[in-house]
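Read off the chains here:
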Amino acid sequence: GTAEQHSNVIRGFLLLLRRFLDAHPLDTLSGKKLWTLVCVERIASKYYSEKTLVMGERVDGKEQMNLARQNILRFLAEFLEWPHLECRDCFDHWRESGGNHLEVLGEEHVANVLEHMRKLGGIWPPFLEDAL
């Protein structure tokens, strides 16, 4: 299929997922939260460049990204009640994608995908007070 068709399928999946998540916020047996969200894209975009500003100070973007990833891992481990909350060497050999979505999709298709994202405003992602 085309990029627009794939985007429509993904948009439909997100609508269904949102309905499911809204219908099942808590575990019926334990009463605990059944799910959470981690917005990796927002974290990644914050530390995307090699050097970035954090509280007015220039810091190494790669180092900050690794710290952000470790915080995500800790957040998920705590949520899932895993016995180990850290993985010190997990991101030592991480490779960033070198792909350029504009080159791969082309401007026309990117515009369609952005329009689909705009239509999901207020629907996806669900708002959670304690999500990352």
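Along each chain, the written sequence defines residue order, and numbers are assigned to residues from 1. Predicted model: local features are reported for residues with pLDDT of at least 70 only, side-chain atom pairs are reported and counted for 80 or more only, and whole-chain, interface and lining totals are derived from all residues. Think of the side-chain values as coming from all heavy atoms in the structure, minus any hydrogens and water.

Undergrad: Just to check I follow, could you spell out the overall build of the chain for this structure?
TA: Per the secondary structure count, the chain includes five helices and two strands. Helix and strand assignments follow DSSP, with helices taken as H or I runs no shorter than four residues and strands as E runs no shorter than two, numbered in order from the N terminus. From first element to last, N terminus to C terminus, the chain shows the α and β order α-α-β-β-α-α-α. Residue-level accessible areas treat just the shown protein chains as cover; the underlying method is Shrake-Rupley with a 1.4 Å probe. When the accessible area of the chain is evaluated, it comes to approximately 10,500 Å², of which 57% is carbon and sulfur surface.

Undergrad: What is the right way to look at the pattern of salt bridges in this model?
TA: Oppositely charged side chains can form a pair if their charged atoms are brought close together. Take a side-chain nitrogen of Lys or Arg and a carboxyl oxygen of Asp or Glu: if they are within 4 Å of each other, that pair is a salt bridge. Counted according to the given criterion, the structure contains five salt bridges. One salt bridge connects Glu-78 with Arg-74, and the closest N-O pair in it is separated by 3.7 Å. Residue Glu-78 and its partner Arg-74 are located together in helix α3 (residues 61–79), separated by four residues, close to a single helical turn. Taking the relative accessible area as the measure of exposure, Arg-74 reaches 27% and is therefore partly exposed. Where Arg-118 meets Glu-115, a salt bridge forms, and the shortest distance between an N and an O atom there is 2.5 Å. Of this pair, Arg-118 and Glu-115 are both found in helix α5 (residues 107–119), three residues apart, which corresponds to roughly one turn of the helix. Summary of the burial criterion: residues with accessible area below 20% of their type's maximum are buried, those above 50% are exposed, and those between are partly exposed, where the area comes from a 1.4 Å probe applied to protein chains only. Owing to a relative accessible area of 55%, Arg-118 belongs among the exposed residues under this scheme. Among the residues examined, Glu-115 registers a relative accessible area of 31% and is labelled partly exposed. Within the structure, one salt-bridge network assembled from shared partners comprises Arg-74, Glu-78 and Glu-86.

Undergrad: So what exactly am I meant to see when it comes to the environment of Val-113 here?
TA: Of note, Val-113 is situated in helix α5. By relative accessible area, Val-113 is classed as partly exposed at 23%. The spacing of Val-113 and His-6 is 107 residues in sequence and 9.3 Å in space, taken between C-alpha atoms.

Undergrad: Explanation requested: the environment of Ser-7 in the structure shown.
TA: Checked against the element boundaries, Ser-7 lands in helix α1 (residues 3–23). The contact criterion used is simple: two residues touch if any of their non-hydrogen atoms lie within 4.5 Å. The contact partners of Ser-7, leaving out residues within four places of it in the chain, are Val-113 and His-116. At a separation of 2.5 Å, a polar atom in the side chain of Ser-7 contacts the side chain of His-116. For this analysis, a polar contact is any N or O atom pair within 3.5 Å, provided that within protein one partner can donate a hydrogen and the other can accept it, and provided that sequence-adjacent residues contribute only side-chain to side-chain pairs.

Undergrad: Help me out: how do you make sense of α1 in this one?
TA: Residue pairs spaced three or four apart in an α-helix point in one direction, given the helix's 3.6 residues per turn. Given a rise of 1.5 Å per residue, 21 residues ought to cover 30 Å, and the 30 Å separating the end C-alpha atoms of α1 matches this to within 8%. Along α1, the positions that sit buried rather than exposed are Ser-7, Leu-14, Arg-18 and Leu-21. Looking down the long axis of α1, one finds its buried residues gathered within 70° of arc, a one-sided arrangement. Turned more than 90 degrees away from the buried face of α1 sit Val-9, Phe-13, Leu-16, Arg-19 and Ala-23, all of them exposed. For α1, the elements touching its buried residues are α5. Multiply 1.5 Å by the residue count of a helix minus one, and that product is the helix's expected span. Throughout, the arc means the angular range of directions from the helix axis out to the C-beta atoms.

Undergrad: Hey, could you run me through the packing of α1 against α5 in this one?
TA: When two helices pack together, you describe them by how their axes are tilted relative to each other and by the distance separating the axes. Interaxial angles span 0 to 180 degrees and are taken between N-to-C directions of axes, which are lines fitted to C-alpha atoms, for helices over the stretch in contact. At a closest axis distance of 9 Å, the pairing of α1 and α5 adopts a crossing angle of 15°. With respect to α5, the axis of α1 lies roughly parallel. Relative to α5, the crossing made by α1 is right-handed. Only His-109, Asn-112, Val-113, His-116 and Lys-119 of α5 make contact with α1, whose side of the interface consists of Ala-3, Glu-4, Ser-7, Asn-8 and Arg-11. For this scheme, ten residues count as nonpolar: Ala, Val, Leu, Ile, Met, Phe, Trp, Tyr, Cys and Pro. Four count as charged, namely Asp, Glu, Lys and Arg, and the remainder, Gly too, count as polar. Considered class by class, the residues forming the contact of α1 with α5 number two nonpolar, five polar and three charged. Here roughly perpendicular refers to angles of 65 to 115 degrees, roughly parallel to angles under 35, roughly antiparallel to angles over 145, and oblique to all remaining angles. Helix crossings get a hand from a simple test, with the near helix turned counterclockwise from the far one by less than a right angle marking a left-handed crossing and a clockwise turn marking a right-handed one.

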